[in-house]
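So the chains spell out like this:
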There are 2 protein chains.
Amino acid sequence: NDSKNSLNISEKKVDNILNEVNKDQKLYMNDPVSPGSIFFLPDGTKIFNKLVEFMKLQQEYKFGFKEVITPLIYKKSLWEQSGHWINYKDDMFRVESQDKSKEEYGLKPMNCPGHCMIFQHADRSYSELPMRLSDYSPLHRNEASGALSGLTRVRKFHQDDGHIFCTPEQVGEEIAKCIKLIDLCYKRVFTLNRNSGPSYTLEVSTRPEKYIGELKTWDHAEDMLKNALESLKKDYSINEGDGAFYGPKIDIKVTDHKNKSHQVATIQLDFQLPERFKLRYKDKDNTYKRPIMIHRAVFGSLERFIAMLVETNEGSWPFWLNPRQAMIIPVNTKSAEQVKMAKEVHLKLKGEDIGSKNDFSIPVPNNGYHFNVDIDLRSEPIGRRIKDAINKKYSYIITVGDNEVKSNIYSIRNRQTFEIEALSYEKIFEQFKTLQTNYS
Amino acid sequence: NDSKNSLNISEKKVDNILNEVNKDQKLYMNDPVSPGSIFFLPDGTKIFNKLVEFMKLQQEYKFGFKEVITPLIYKKSLWEQSGHWINYKDDMFRVESQDKSKEEYGLKPMNCPGHCMIFQHADRSYSELPMRLSDYSPLHRNEASGALSGLTRVRKFHQDDGHIFCTPEQVGEEIAKCIKLIDLCYKRVFTLNRNSGPSYTLEVSTRPEKYIGELKTWDHAEDMLKNALESLKKDYSINEGDGAFYGPKIDIKVTDHKNKSHQVATIQLDFQLPERFKLRYKDKDNTYKRPIMIHRAVFGSLERFIAMLVETNEGSWPFWLNPRQAMIIPVNTKSAEQVKMAKEVHLKLKGEDIGSKNDFSIPVPNNGYHFNVDIDLRSEPIGRRIKDAINKKYSYIITVGDNEVKSNIYSIRNRQTFEIEALSYEKIFEQFKTLQTNYS
Ligand SMILES: [Zn+2]
Ligand SMILES: [Zn+2]
């Protein structure tokens, strides 16, 4: 109970920082017409999409995942088969058709049963394993309305969800790979802890009171998780009775530079759903065997992950995630030449072919670099416009005056270093390209 | 009735081609646990994502749209306000919480009310108009189960949806821009009609029997649509009584090279929802005015659009959309050098930094070019493996034999021209890059 209280207090703090940043940056909004469902506004959507894009690249091109898009509503019978209808009913939304058929569905709180259907749909061979499916579907869980707040306590959320179907022999290697992706994220790209100390901690959660399946299967699964961590020489603690109803899990928590701990990734081992969905693959010896299922997410809830990023960066986004990467300002908006040069860099950094300017019959090329740049053509004094751009936390401010027009070189100011450089368009583009490419 | 019959017949044909291509390419599946909801399998998901990426680039960087992510369930009261609960009830799914509160929601069939909520949430000024919001949310409409089939008659689907809030004076210009985006798509990127003849036809659909609002508002809206098309010098036909219940619309139909007509884009003019949601903006004269709302989609349903592409290309995808862009085949899988050279080009075309090979601590860079390439290391004869790759409709087949190892030049075969060229990795990459960049 004590820990629950302190959780509530620190979550309130998050909400305060979130609220303040959100007031400035307009990332999202809520409305009583859909309590607990976030409306991501344009800049919040950009951050959301960048995070998903990052994870898709890692999972698809390095970790062997294949993305699928799956239904959101499934007949009640499926949730009975999966065990959700008994063990999870109050947290699920019921869906009903309003025609004569009155068909009854559940709105999915998890992607697992849908992925089981995909595995089940074809005759599978050992050579297809491990089969790794990823999914970014919206999920709905009916949290009590009193608990709803900000981005952390919601009813609709998205996960960087994934399920691995594999043989018992492959479990260790697959968990090791999950940990490698977690390392990649929390030791390299999202380094929240600017102090020393570990990037994250591991907790093994064991069989809860409400569970499905047999005791000895649970013991075996718990052992497999612990063994995998031990052979990776990873420290972990035990969280008795906090597993999912279908299997034990590893929770990954990261600690930020304020020493606050955030639940992010999770790895769950599951012998139950493959049993309930009668999943099978044909082994080398031509007999059918049951695969094991691993549930895992690295960001966890995208909504909660974004809240955590805001809390730690306080709205100062790194370039690659910033919805406001550069503001372009002509010093004198009455100078046709300055405005022209400003508009040109604006167009080029957005990734449009300069030759196609205003030609709506030429598509925006899919060339990988489309930066979030804005242009301030208001007739306000230059100092005022620069100050506004600084307050809005643009990563770079690019100004164009008479000198810039003469030399065809831009003045560019870096938010973090306060440095002002004189750079050609090509140099600016190269710099932005490198920042995006390396997630900086 | 005649036209309805012929529609059914031609939809059956689509399904036959679709079924055959799907049997080979495994793009999607259906299951009775969720009738009318598509499971997109990995290769289908790739095509889906590429189409969305294309549209996002055009809308975001050329046509001034801003993407948002909006809730899927809204309280019944919202649908009463919007008029959907009366006019659209049987086609909507009802959602209910299963806790004590028994809250009642509707699962959204359209994004419009959600976008009205966003407009409503802040004090809007004329300077913010036109405000253009785009959204790729999943939508649910309860089609009768008898009518469900393939990708064309579904209950869950996605639109490249967008809503423009503007002043009466801006309507003409905004409709003209919608038509320009339609031209960009159907005259330039998705040219379905390889014969001569127009790329698409326009139909204006007028007030239906079930409608909301006043007669004279409807007449005015219908006139605005017709005037916009006339000032663009576009021919159109009239479809009496086929408008949406909240406003008249323009339907865009493309004709493929088999002379079959497909409903794709739509542009709808709406005075009713702004009224019902009491939307307003502060004009130059400091008085509040009602904006006009334009609903538009260019692909229309992504699911139906993909079905149409399959029907016209019969599974031979252009390079940029192909989930199978290149197959890499070492001639002799026992030659370590051939296998090494094959694996290298595989890794590089996937967009991984070659230096980071097998280094899981280095992220896949976000450098814009990640091709769908596979490698065939089976010990089957080379002729057999090439034949398999041809049957699977890979755009390119890259082979590596002893000559290729010696010269460090790859043999690359083009699916369409049957030509075999000897190219360096750099040349191959440049060629792929150009194809992706230009949507070829
Ligand atoms: Zn799961
Ligand atoms: Zn709409």
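In the annotation of an unreviewed UniProt entry, the entry for chain A reads threonine--tRNA ligase, and the organism field reads Tetrapisispora phaffii. For the record of chain A, the UniProt heading Catalytic activity (unreviewed entry) holds the text "tRNA(Thr) + L-threonine + ATP = L-threonyl-tRNA(Thr) + AMP + diphosphate + H(+)".

Moving on, we come to the overall build of chain A. In terms of regular secondary structure, chain A is built from 13 helices and 22 strands. Structurally, chain A occupies a C-alpha span of about 80 × 60 × 50 Å along its principal axes. Counting over 440 residues, chain A shows a buried share of 59%. Considering only residue pairs separated by 6 or more positions, chain A has 68% of its internal contacts joining residues 24 or more positions apart. As presented, chain A carries roughly 18,500 Å² of accessible surface, and 47% of it is formed by carbon and sulfur atoms. Across chain A, 65 positive and 61 negative side-chain charges occur, with their mean positions spaced 2 Å apart.

Our next topic: the side chain of K350 of chain A. Its place among the elements puts K350 of chain A in the loop between α10 (336–349) and β19 (373–375). Those residues in contact with K350 of chain A, other than ones at most four positions away along the chain, are Y369, H370, F371 and V373 of chain A together with Y61 of chain B.

So, about the environment of S361 of chain B. Residue and element names in this part refer to chain B. Within the fold, S361 resides in the loop between α10 (336–349) and β19 (373–375). Of the residues examined, S361 reaches a relative accessible area of 36% and is grouped as partly exposed. A polar atom in the side chain of S361 sits 2.8 Å from the side chain of D359.

Let us look at the pattern of salt bridges. Residue and element names in this part refer to chain A. As enumerated under the stated definition, the model contains 53 salt bridges over all chains in all. In this structure, the salt-bridge partner of E67 is K56, at a minimum N-O distance of 3.2 Å. Taken together, the residues span a long stretch of sequence, with E67 in strand β3 (residues 66–67) and K56 in helix α2 (residues 42–61) at a distance of 11 residues. Overall, K56 belongs to the partly exposed group, its relative accessible area being 26%.

What follows covers the packing of aromatic side chains. Considering all chains together, one arrives at 54 aromatic pairs over all chains under this definition. When the centroid spacing of 5.1 Å and the interplanar angle of 80° are considered together, the rings of F245 of chain A and Y246 of chain A count as edge-to-face. Of the two residues, F245 of chain A and Y246 of chain A, neither departs from the other in class, the shared state being buried. The rings of F54, Y186, F190, F299, F305, W320 and Y439 of chain A are connected pair by pair, giving a single aromatic cluster. Across from the ring centre of F119 of chain B, 5.6 Å away, lies the NZ or CZ of R124 of chain B, which sits over that ring. Above the plane of the ring of Y288 of chain B lies R280 of chain B, whose end atom (NZ or CZ) is 3.6 Å from the centre.

Turning to the coordination of the zinc ion (ligand 2), a few remarks are in order. Residues and elements named next belong to chain B. Within the first shell, the zinc ion (ligand 2) binds the protein through C112 (SG), H163 (NE2) and H295 (ND1), at distances of 2.0 to 2.4 Å. When the donors of the zinc ion (ligand 2) are listed by position in the chain, the intervening gaps give C-x50-H-x131-H. Placement of H163 in strand β10 (residues 156–166) and of H295 in strand β17 (residues 292–301) is noted, with a sequence separation of 132 residues between them. On the basis of relative accessible area, H163 is assigned to the buried category, the value being 0%.

Formed by 70 residues in total, the largest nonpolar core has its most connected members in L51, Y186 and F190 of chain A. Looking at this core, the element that brings in the most residues is helix α6 (residues 171–189) of chain A, giving 10 residues. The residues touching Y186 of chain A, leaving out its near neighbours within four places in the chain, are T191, S199, Y200, V254, V264, V298, F299 and F305 of chain A. Counting 69 residues, the second-largest nonpolar core is a separate cluster that includes I38, Y136, L202 and F305 of chain B.

A few words on the pairing of β10 of chain B. Residues and elements named next belong to chain B. In terms of residue burial, β10 counts as a mostly covered element, since 11 of its 11 residues are buried. On β10, burial covers both faces: K156, H158, D160, G162, I164 and C166 on one face and F157, Q159, D161, H163 and F165 on the other are all buried. Note: strand β8 (residues 131–135) against β10, five bridges, orientation antiparallel. Each bridged residue has a counterpart across the sheet, and for D135 the counterpart in β10 is D161. Judged from the three bridges that link them, strand β9 (residues 138–140) and β10 form a sheet pairing that is antiparallel.

Further remarks concern the packing of helix α2 (residues 42–61) of chain B against helix α9 (residues 302–313) of chain B. Residue and element names in this part refer to chain B. Following both chains from N to C, one finds α2 and α9 inclined at 110°, their axes separated by 11 Å at the closest point. Overall, the two elements α2 and α9 adopt an arrangement that is roughly perpendicular. Contacts between α2 and α9 involve I47, F48, L51 and V52 on the former and, on the latter, L302, E303, F305, I306 and L309. Residue composition of the contact of α2 with α9, grouped by class: eight nonpolar, no polar and one charged.

This brings us to the interface of chain B and chain A. Counting residues at the interface gives 87 residues for chain B, matched by 87 residues for chain A. Of the roughly 7,700 Å² buried between chain B and chain A on both sides combined, carbon and sulfur atoms contribute 59%. Across the contact surface, chain B and chain A share six salt bridges. A salt bridge links R155 of chain A to E103 of chain B, with the nearest nitrogen and oxygen atoms 3.0 Å apart.

Residues and elements named next belong to chain B. With mixed pairing, the five strands of this open sheet are ordered in space as β19-β18-β20-β21-β22. Every other strand in the sheet has two partners, leaving β19 and β22 (420–423) as the edge strands with one partner each. The average angle at which neighbouring strand axes cross in this sheet is 25°, direction not considered. As defined by bridge partners, strand β18 (residues 326–330) adjoins strand β20 (residues 396–400) across five bridges and the pair is classed as parallel. Within β20, the residue paired with I328 across the bridge is I398.

Thresholds applied
- Residues numbered from 1 in each chain as written.
- Chains lettered and ligands numbered in written order.
- Predicted model: local features only at pLDDT ≥ 70, side-chain atom pairs only at ≥ 80, totals over all residues.
- Heavy atoms only, no water.
- UniProt positions renumbered as here; feature names shortened; annotations may be inferred.
- Helix = DSSP H or I, 4+ residues; strand = E, 2+ residues; numbered from the N terminus.
- Buried < 20%, exposed > 50% of the residue type's maximum accessible area, 1.4 Å probe, protein only.
- Contact = heavy atoms within 4.5 Å.
- Areas by Shrake-Rupley, 256 points an atom, 1.4 Å probe, with all protein chains shown as cover.
- Lys, Arg positive; Asp, Glu negative; His and termini not counted.
- Charge placed at Lys NZ, Arg CZ, Asp CG, Glu CD.
- Polar contact = N/O pair within 3.5 Å; in protein donor to acceptor, adjacent residues only side chain to side chain.
- Salt bridge = Lys/Arg side-chain N within 4 Å of Asp/Glu carboxyl O.
- Phe/Tyr/Trp six-rings, centres within 6.5 Å; stacked < 30°, edge-to-face > 60°.
- Lys NZ or Arg CZ within 6 Å of the ring centre and 35° of its normal.
- Donors = N, O, S within 2.8 Å, 3.2 Å for Na, K, Ca; no water.
- Core = buried A, V, L, I, M, F, W, Y, C linked by side-chain atoms within 4.5 Å.
- Pairing = 2+ DSSP bridges.
- Axes fitted to C-alpha atoms, helices over the stretch in contact; angles between N-to-C directions.
- Parallel < 35°, antiparallel > 145°, perpendicular 65-115°, else oblique.
- Nonpolar A, V, L, I, M, F, W, Y, C, P; charged D, E, K, R; others polar.
- Buried area = accessible area lost by both parts, 1.4 Å probe.

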